[in-house]
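Notes for the structure review
Okay, here's what each chain looks like letter by letter:
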Amino acid sequence: MTMRDIRIIGDPVLRTPSEPVTSFDTELRTLVTDLMDTLLGAPGRAGVAAPQIGVNVQVFVYDADGHRGHMVNPTLELSDELHDDDEGCLSIPGLYFPTPRALHATAHGYDQHGEPLTIAGSGFLARALQHEADHLAGRLYVDTLRGETRRRALREIRAGRFDSSRRG
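Residues numbered from 1 in each chain as written. Predicted model: local features only at pLDDT ≥ 70, side-chain atom pairs only at ≥ 80, totals over all residues. Heavy atoms only, no water.

With that settled, consider the overall build of the protein chain. The helix and strand inventory of the protein chain stands at three helices and seven strands. For the protein chain, the N- to C-terminal ordering of α and β elements is α-β-β-β-β-β-β-β-α-α. Computed over its C-alpha atoms, the radius of gyration of the protein chain comes to 15 Å, within 12% of the 15 Å expected for a compact globule of 168 residues. Taken over the C-alpha atoms alone, the protein chain extends approximately 45 × 35 × 25 Å along its principal axes. With 168 residues in all, the protein chain has 47% of them scored as buried. Working note: accessible area of the protein chain is about 8100 Å², and carbon and sulfur atoms make up 48% of it. Of note, the protein chain has its 18 positive side-chain charges centred 9 Å away from the centre of its 24 negative side-chain charges. (Helix = DSSP H or I, 4+ residues; strand = E, 2+ residues; numbered from the N terminus. Rg over C-alpha atoms; globule rule 2.2 N^0.38 Å. Buried < 20%, exposed > 50% of the residue type's maximum accessible area, 1.4 Å probe, protein only. Areas by Shrake-Rupley, 256 points an atom, 1.4 Å probe, with all protein chains shown as cover. Lys, Arg positive; Asp, Glu negative; His and termini not counted. Charge placed at Lys NZ, Arg CZ, Asp CG, Glu CD.)

In structure tokens, the structure reads:
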């Protein structure tokens, strides 16, 4: 089991758009395994994206609402209906804010062998898919916040009020 350290806000890899995967090889399968080990290695995790472990490629894993898997080079289709719920991030540990997300999401991409893959979900699964796909675009959930919630989140981040000791 290879549980990798989680990169914390301030690390440039978290703000860099990821590169598409072009080789569906042993290296990719090892990355997917490491991501899944990192996801399942601690309780309460819903997903981990490759940039969160310092690898700048379009891969994430998820475990939400009874669905567990991975997605390579994802694209998302989102419903117009939004839902606000508290959201957190392993890369900003300990901070949670109400975050608007599409209530329904469908992700299209590939598995680790290059076979087409689609997963559709609502509620928490839809939120997890959107959150992880945002990581691949160099976005964090706090980027979606607006108004006073955004100002409060940024103040807490600047003040270092997240638990940076929780890396793995």
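Across all of its chains, the model carries ten salt bridges by this definition. Notably, a salt bridge pairs R15 with D143, separated by 2.4 Å at the nearest N-O pair. Here R15 is found in the segment before α1 (26-40), whereas its partner D143 is found in the loop between α2 (124-136) and α3 (147-158), with 128 residues between them in sequence. Since its relative accessible area comes to 40%, R15 is described here as partly exposed. The salt bridge involving D134 is made with R139; its shortest N-O contact spans 2.8 Å. For D134, a relative accessible area of 8% corresponds to the buried category. (Salt bridge = Lys/Arg side-chain N within 4 Å of Asp/Glu carboxyl O.)

The end-to-end C-alpha separation of α3 is 17 Å, in line with the 16 Å expected for twelve residues at 1.5 Å each. In the core, the buried residues of α3 are packed alongside β5 (92-102). In the segment just after α3, G160 is the residue with positive phi, at about 70°. (Expected span 1.5 Å × (residues − 1). Contact = heavy atoms within 4.5 Å.)

Residues in a regular strand point their side chains to alternate faces of the sheet. Within strand β2 (residues 59-64), five of the six residues are buried, which leaves the element mostly enclosed by the surrounding structure. Both strand β1 (residues 47-49) and β2 contribute to a ladder of three bridges, which runs antiparallel. Pairing of A49 across the sheet is with F60, part of β2. In this structure, the hairpin formed by β2 and strand β3 (residues 67-78) is closed by a connection of two residues, where D65 is found at a positive phi of approximately 50°. (Pairing = 2+ DSSP bridges.)

What follows is about the sheet that holds β3. By definition, the strands of a sheet pair up through backbone hydrogen bonds, in either a parallel or an antiparallel sense. If you walk across this open sheet you meet the five strands as β1-β2-β3-β6-β7, and the pairing is antiparallel. Bordering the open sheet on either side are β1 and β7 (116-122), each of which pairs with just one other strand. Put simply, the sheet's adjacent strands are angled 40° from each other on average, direction ignored. Contacts from α2 reach β1, β2, β3, β6 (104-110) and β7 within the one sheet, and its direction differs from that of β2 by about 160°. (Axes fitted to C-alpha atoms, helices over the stretch in contact; angles between N-to-C directions.)

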